[in-house]
Amino acid sequence: MDLLIVNGTVIDPSQHIFGSFDVGINNGRMAGIFQPGSVPEDSAKETIDASGCLVTPGLIDLHTHVFEQRTALGINADHVGVEQGVTSIVDAGSTGCRDFRSFLRNVVEKNQTRVLLWINIASQGLCDGLSELSDLSMLKPAETEELIKQYPLIRGIKARMSRSVVKENGIKPLLIAKKLAQKTGLPLMVHIGNSPPGLGDILDLLDRGDVVTHAFHGKRGGILDEDGHLIPEADRALKRGVLFDVGHGSSSFSFQTMKRAKELQVFPHTISTDIYRGNVNGPVFSLVMTMAKCLSLGFPLSEVIEASTWTPAKVLGLSDEIGTLKKQNIADVTILKRIPEPVTLVDSENQQMKANSYLKVKYTIKSGKVWRHD
């Protein structure tokens, strides 16, 4: 083997594995998960001692903004990717069809992190500002469909459905995006924020596999009514298989909303950051920090790992490639350590919460290549 990871606690939700195992990698692929000590360490070219650490499939961030060359909020993909323990990231609508090839050249091809895309239904994406759905003539579904046919890195369609984005167009941009999603067989990722359009109208248009990002924000008009109950449209959407994503961001992660949702047994299906230039130094910081916040709220470790690996892989239709440690799959691995030190965590509402521990990335392994973070 090229690499043997020993003495770690392996958590692989795709295989229902949670325990002490060794992990082997060869030629950029997973060689297997083995009983501790069953593979001699001297049989591997390199060994990582993961004592006291968690060994997980490579983390996947479903919501990032990494078009640093063309958008005001873009950040370097590797900085929020392999340098932070994340092996695959998905840019959430920074580009539409107009600037797609620039995104391909400058982002996808120039970073070592795997970069995938939710393509914006607006042709200009976020390259001309943040009101991209205010002019319906800028929506180019036919041109977008042609790109989707040519480039499998496009894994879904993004529509930002809040008042400042759509202006007077209400629900119309979502209807166009949904029609294209149905035609191409791809999921939608829908940003929710301030109404109009109303969240209930948005949710009623979504189907199994579609993703609602910023689902746990603390603004009025969210998934909870004024009495703290789940709105009927959210309940119906969950039962249809619509997925709720964290999408932390600068203003879309509320400890209070998350606590109440947990009481109602509404857990995030996926944990993502909505990380960009303006929030990487707070309140978001990283996917690992967002995961730590979910852990501090009492969500089980195995579910937090699943929401950051296996479920995102399934959302993207890539569960046979990433998000898993299954033999012969791409060797993407994240090694984390839970640091037992007090820390103050902050949400997007500037509310603080004390925690007794946090997560730290020790190693990132992308297609067998190792990054050390000591």
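Fair warning: this is a prediction, and the values are worked out from it, not measured in the lab.

Basis of the calculations
Residues numbered from 1 in each chain as written. Predicted model: local features only at pLDDT ≥ 70, side-chain atom pairs only at ≥ 80, totals over all residues. Heavy atoms only, no water. UniProt positions renumbered as here; feature names shortened; annotations may be inferred. Helix = DSSP H or I, 4+ residues; strand = E, 2+ residues; numbered from the N terminus. Buried < 20%, exposed > 50% of the residue type's maximum accessible area, 1.4 Å probe, protein only. Contact = heavy atoms within 4.5 Å. Polar contact = N/O pair within 3.5 Å; in protein donor to acceptor, adjacent residues only side chain to side chain. Phe/Tyr/Trp six-rings, centres within 6.5 Å; stacked < 30°, edge-to-face > 60°. Lys NZ or Arg CZ within 6 Å of the ring centre and 35° of its normal. 1 Å grid on protein atoms, 1.4 Å probe; cavity = no way out; pocket = protein on both sides within 12 Å on 5 of 7 lines; lining within 4 Å. Points joined across faces, edges and corners; volume = space filled by probe spheres on them. Nonpolar A, V, L, I, M, F, W, Y, C, P; charged D, E, K, R; others polar.

**Describing the UniProt feature "modified residue: N6-carboxylysine" (unreviewed entry) in the protein chain**
Look at the UniProt record and you will see "modified residue: N6-carboxylysine" (unreviewed entry) annotated at K158. Mapped onto the elements of the fold, K158 is located in strand β9 (residues 154–161). K158 sits in the buried class, given a relative accessible area of 1%. For K158, the residues in contact, after removing those within four places along its chain, are H63, H65, A92, G93, W118, I119, N120, I121, M189 and H191. For K158, the side chain forms a polar contact with the main-chain oxygen of A92, separated by 3.0 Å.

**Some thoughts on the packing of aromatic side chains**
Scanning the model with the defined rule gives five aromatic pairs in all. Judged by centre distance (4.8 Å) and plane angle (55°), the rings of F100 and Y151 are tilted. One end of the pair, F100, is in helix α2 (residues 100–108); the other, Y151, is in the loop between α3 (141–150) and β9, with 51 residues separating them in the sequence. Judged by relative accessible area, which is 0%, F100 ranks as buried. The lysine or arginine in question, K262, covers the ring of F299, its NZ or CZ lying 5.9 Å from the ring centre. Between K293 and the ring centre of F253, over which it is positioned, the NZ or CZ distance is 6.0 Å.

**Structural notes on empty space enclosed by the protein**
Once rolled over the atoms, a probe with the size of a water molecule shows which space is left empty. Taken as a whole and judged by the stated rule, the model has one cavity of 30 Å³ or more. Roughly 40 Å³ of internal volume is contained in the largest cavity. Residue lining of the largest cavity: M161, I192, G193, N194, S195, P197, G198, L199, I202, H217 and G221, and that is the complete set. For the lining of the largest cavity, the per-class residue count stands at five nonpolar, six polar and no charged.

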